[in-house]
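In case you want the letters, here they are:
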Amino acid sequence: MLSLLAELRAREEARFAETHPRSRALAAQARESLFEGVPMHWMRKWPGGFPVFVAEARGARFTDVDGHEYVDFCLGDTGAMTGHAPQPTLRAIAEQAARGLTLMLPSEDALAVAEELTRRFGVSSWQFALTATDANRFAIRLARHLTGRPKILVFDWCYHGTVDETFATLEDGVVRARSGNLGPPVDPAETTRVVQFNDVDGLERELAHSDVAVVLTEPALTNVGIVHPEPGFHDALRELTRRHGALLAIDETHTICCGTGGFTAAHELEPDVVTIGKPIAGGLPAAAYGFSAEVASRLAGTIELEDVDVGGVGGTLAANALSLAAMRATLSEVLTEEAFARMIPLAERWTEGVEAGIEEAGLPWHVTRLGCRAEYLFGPDRPRNGAEAHAAGNFELERFTHLYALNRGILLTPFHNMALMSPATTEADVDRHTQVFREGVLELSAAVGS
Ligand SMILES: Cc1ncc(COP(=O)(O)O)c(C=O)c1O
């Protein structure tokens, strides 16, 4: 199987190199001025040996510098879940740009955005940042400040951005730095407790140490493949965090795919803190974190005015006028109820198409969906937790499926086999994926069977 897969991949790599001469030339030139030839190191993860250079993106499609058009199911790994360059956001950006970009003073847009986020997520006291990473970092700091406790708790194989404390995994029950963790400031075991998702007993055991300031989690894991919470898990999580004096922070950065108020609104969660970034300004850097009224009132007055700008929470460009204008337009006119009513059925259609392909090819895989996000995993059963999902990963197979799709005008996220629907995605886009996926898995299964 391995050598056949290697053969198929070599064939696809040759096809990619041959049909992308301009991207190949730019990639070669980029090695002269960019570290390892890319402007951001994750871009090395694209299959094919070099990344596709983009000429232009609009709606659910983009074209590359070689003139190929792609259906984009990656959508900037959720940063462009709104579709590329949504008109209302572009209009707001142009209008605000002519009136000033950043001031370190509030504009009226800040109120409109905070009120809308409160309506969507329930928590009512908001602050802004430029990235979801920062929103999480600031929420963690404020939780430690408020509770006086040193640790956080996360679930195994979580991802919340480049937040030092979250790069911790479990190995035989022991907290270890996640593989690939670059230059950690301290051993994450000193800052972090780690539990398997859906493990209520483990959660209770770790919280009983009374040193956890905040449990930070996605309401369903999306970064190691999709892992759904089991019935009762969120109730237990809420009850245990309350009982043991830890805050509960829900990171909705990806799970906004469940609807306008994310998983929190869809499943009536009651978090103390909500964090969100990526698509909320239509692709412009912006993020937010909000506290419940109860937590905000406990926090109020605890931060010295003289030190408020040097407390480790903030950023010069955070809450800039441009991001806020873009957030206001995106929330009110792009990521609307009507948009989700289109996007979620498209993900259902995508899932059905993939399921049919898996069945026809007889591969021991499965497909799963969360709102307008869906993905297939290389194992027969839904994982219960991050460790199981991680074990079902197959980097080599993933590189083949991604490159096969890319060579046929389809972009999946570089991480896992994830597809996201935007308001601009069409049924024809989904059906194109279904067709390409079917052809790919039939080739694969023929290779396995031969
Ligand atoms: C759930 C979640 N939170 C936070 C982040 C960090 O977002 P950013 O890289 O934009 O800071 C990510 C990124 O993938 C994420 O998936």
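The structure we're discussing is the one just above.
All values derive from a computational prediction rather than experimental measurement.

Details of the environment of F415
With respect to the element layout, F415 can be found in the loop between β15 (410-411) and β16 (418-420). When the C-alpha atoms of F415 and H390 are compared, they prove to be 12 Å apart, with 25 residues separating the residues in sequence. Beyond its immediate chain neighbours, meaning those up to four positions away, F415 contacts W42, K45, D77, E398 and H402.

Overview of the pairing of strand β6 (residues 168-171)
Sheet analysis places β6 next to strand β7 (residues 174-177), joined by four bridges and oriented antiparallel. By the bridge assignment for β7, L170 is matched with V175. As consecutive antiparallel partners, β6 and β7 are separated by two residues, and within that stretch D172 has a phi angle of approximately 50°, a positive value.

Some words on helix α5 (residues 132-147)
Compared with the 22 Å implied by 1.5 Å per residue over 16 residues, the 22 Å span of α5 between its first and last C-alpha is a close match. Where α5 is concerned, the buried positions are A132, T133, D134, A135, N136, F138, A139, I140, L142, A143 and L146. Following α5 by one or two positions, G148 adopts a phi angle in the positive range, close to 70°.

Let's talk about the nonpolar core
In terms of nonpolar packing, the biggest core is built from 86 residues, with W350, W365, Y376 and M421 touching the most fellow members. The biggest single contributor to this core is helix α11 (residues 337-361), with ten residues. If we skip the residues at most four places from it in the chain, W365 touches I358, Y376, L377, F378, G379, P380, L397, T401, F437, V441 and L444. Judged by nonpolar contacts, the second largest core, of 27 residues, contains F138, I152, A168 and V175.

Examining the site of the ligand
In the neighbourhood of the ligand, 13 residues make up the surrounding shell, with T133, N223, D251, H254 and K278 lying closest. Contacts to the ligand include K278, whose side-chain N or O atom sits 2.6 Å from an oxygen atom. Against a free-state accessible area of 390 Å², the protein chains account for coverage of 88% of the ligand. Looking at the shell around the ligand residue by residue, the classes come out as two nonpolar, eight polar and three charged.

Details of the environment of E69
Along the chain, E69 turns up in strand β3 (residues 69-72). The spatial distance from the C-alpha of E69 to the C-alpha of E56 is 9.5 Å, given a sequence separation of 13 residues. Not counting the four nearest positions on each side in its chain, E69 is found in contact with R61, F62, T63 and G409. Within the structure, E69 has its side chain in polar contact with the side chain of R61 (distance 2.7 Å).

Calculation criteria
Residues numbered from 1 in each chain as written. Predicted model: local features only at pLDDT ≥ 70, side-chain atom pairs only at ≥ 80, totals over all residues. Heavy atoms only, no water. Helix = DSSP H or I, 4+ residues; strand = E, 2+ residues; numbered from the N terminus. Contact = heavy atoms within 4.5 Å. Pairing = 2+ DSSP bridges. Expected span 1.5 Å × (residues − 1). Buried < 20%, exposed > 50% of the residue type's maximum accessible area, 1.4 Å probe, protein only. Core = buried A, V, L, I, M, F, W, Y, C linked by side-chain atoms within 4.5 Å. Near = heavy atom within 4 Å. Polar contact = N/O pair within 3.5 Å; in protein donor to acceptor, adjacent residues only side chain to side chain. Areas by Shrake-Rupley, 256 points an atom, 1.4 Å probe, with all protein chains shown as cover. Nonpolar A, V, L, I, M, F, W, Y, C, P; charged D, E, K, R; others polar.

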